[in-house]
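Single-letter residue listing:
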Amino acid sequence: MFGRGFVRAARSKFVKGFASSARAPAVRRIGALGLAAGLTLAMTSTVALTEGKKTIPHGGLPGTPYERSFIAIKPDGIQRGLIGEIIARFEKKGFKLVALKLITPTPEIAAGHYDDLKDKPFFGGLVNFFSSGPVVAMVWEGSNVIKTGRQMLGATNPAASMPGTIRGDYAIDVGRNVCHGSDGPESAAKEIGFWFSPSELYNWTPADATWKYEKL
Ligand code: IDP
Ligand code: MG
């Protein structure tokens, strides 16, 4: 995990240094012991703080375990009781949830989110549908979460989505395809910025991170 290797190395370096001074008088050794404990504690808490404050750009770091994608459950997914199912798939895969809110988008927000499709004939219907009720807006983090997230969602048209994907398993119609996922690093950064302020994103370290990644 980030920082732990450093702590371990720093600790073992210090312990070696302390052992080599073992011929020092007892009083100095006791003093050094206190100093060692204090320094180790200080180092540990400094690293822990740095780890907690580890700066990850709002839009994530594509190509690293800190890549981020904007994933949303659309109004049809909410109405059909699929919130838990969709979140569970991302959670079980091992991705990390770093932001989540339930929000009914205004037509302006819906239009802003789908701005790249404003010239499409289905744009009006899409905006009406997307602003018709609450959506679950989320940011998920992990290696390849943008591409893998799209694969987990399935093809835009559920008729072409593979069984086993969310749309393949739970949707029929392209206009009611249950979920949204960023389609690349640029749209991910743009969408995360559009839906969430920096204070709404959480940097946290899952307890099982080293069971999901060989290297972090
Ligand atoms: P995506 O959601 O897989 O990224 P986009 O092409 O970005 O697909 O389209 C955004 C959304 O617009 C789709 O998820 C779908 O809900 C809707 N949409 C796309 N194509 C059509 C269409 O031909 N008819 C109706 N709705 C469509
Ligand atoms: Mg899209």
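Look above for the structure.
The present account deals with the structure reproduced in this document. (Residues numbered from 1 in each chain as written. Chains lettered and ligands numbered in written order. Predicted model: local features only at pLDDT ≥ 70, side-chain atom pairs only at ≥ 80, totals over all residues. Heavy atoms only, no water.)

**What to know about the packing of aromatic side chains**
- Applying the stated criterion across every chain yields a total of 7 aromatic pairs.
- Residues Phe130 and Trp195 carry aromatic rings whose centres are separated by 6.2 Å and whose planes lie at 80° to one another, so their mutual orientation is edge-to-face. On the criterion of sequence distance, the pair formed by Phe130 in helix α6 (residues 123-130) and Trp195 in helix α9 (residues 185-195) is long-range, its members being 65 residues apart. Side by side, Phe130 and Trp195 carry an identical accessibility label, which is buried.
- Here the aromatic residues Phe70, Tyr114, Phe130, Phe194, Trp195 and Phe196 are joined through ring pairs into a cluster of three or more. (Phe/Tyr/Trp six-rings, centres within 6.5 Å; stacked < 30°, edge-to-face > 60°. Helix = DSSP H or I, 4+ residues; strand = E, 2+ residues; numbered from the N terminus. Buried < 20%, exposed > 50% of the residue type's maximum accessible area, 1.4 Å probe, protein only.)

**Some thoughts on the site of ligand 1**
- What surrounds ligand 1 is the set Lys74, Tyr114, Leu117, Phe122, Leu126, Arg150, Thr156, Arg167, Val174, Gly175 and Asn177.
- In the environment of ligand 1, an oxygen atom lies 2.5 Å from a nitrogen or oxygen atom belonging to the side chain of Thr156.
- Measuring from an oxygen atom of ligand 1, one finds a side-chain N or O atom of Arg167 at 3.2 Å.
- Partitioned by chemical class, the residues of the shell around ligand 1 number 5 nonpolar, 3 polar and 3 charged. (Near = heavy atom within 4 Å. Polar contact = N/O pair within 3.5 Å; in protein donor to acceptor, adjacent residues only side chain to side chain. Nonpolar A, V, L, I, M, F, W, Y, C, P; charged D, E, K, R; others polar.)

**A word on helix α7 (residues 145-153)**
- Looking only at α7, the buried set comprises Val145, Ile146, Thr148, Gly149, Met152 and Leu153.
- Looking at the buried positions of α7, the neighbouring elements they touch are β1 (68-73), α4 (83-93), β3 (135-141), α8 (166-170), β4 (179-181) and α9.
- Downstream of α7 by a residue or two, Gly154 has a phi angle that is positive, lying close to 95°. (Contact = heavy atoms within 4.5 Å.)

**Quick notes on the pairing of β1**
- Among the 6 residues in β1, 6 count as buried, and that is most of the element.
- Here 6 bridges tie β1 to β3, and the two strands are oriented antiparallel to one another. Paired with Ile71 across the two strands is Met138, which belongs to β3.
- Here β1 pairs with β4 via 3 bridges, running antiparallel. Bridge assignment links Ala72 to a residue of β4, and that residue is His180. (Pairing = 2+ DSSP bridges.)

**A short note on the sheet that holds strand β2 (residues 96-103)**
- Taken in spatial order, the 4 strands make up an open sheet running β2-β3-β1-β4, and their pairing is antiparallel. For this open sheet the edge positions go to β2 and β4, each flanked by a neighbour on one side alone. Here the strands of the sheet are splayed against their neighbours by 15° on average, with no regard to which way each runs.
- The strands that α9 touches are β1, β2, β3 and β4; relative to β1, the one it contacts most, it runs at about 60°. (Axes fitted to C-alpha atoms, helices over the stretch in contact; angles between N-to-C directions.)

**A closer look at the environment of Lys96**
- With respect to the helices, strands and loops of the structure, Lys96 is situated in strand β2.
- By relative accessible area, Lys96 is classed as buried at 10%.
- For the pair Lys96 and Trp204, spaced 108 residues apart in sequence, the C-alpha separation works out to 8.8 Å.
- Here Trp204 takes part through its backbone oxygen, which lies 2.5 Å from a polar atom of the side chain of Lys96.

**Quick word on the pattern of salt bridges**
- According to the stated counting rule, one finds 7 salt bridges in the structure shown.
- With its nearest N and O atoms 2.9 Å apart, the salt bridge here joins Glu85 to Arg89. A residue pair is termed a helical-turn pair when its members lie 3 or 4 positions apart in one helix, as Glu85 and Arg89 do in helix α4 at 4 residues.
- Here Asp115 and Lys118 are joined by a salt bridge, their closest N and O atoms 3.6 Å apart.
- By relative accessible area, which is 47% here, Lys118 ends up partly exposed.
- One salt-bridge network, in which partners are shared between bridges, spans Arg68, Lys96 and Glu141. (Salt bridge = Lys/Arg side-chain N within 4 Å of Asp/Glu carboxyl O.)

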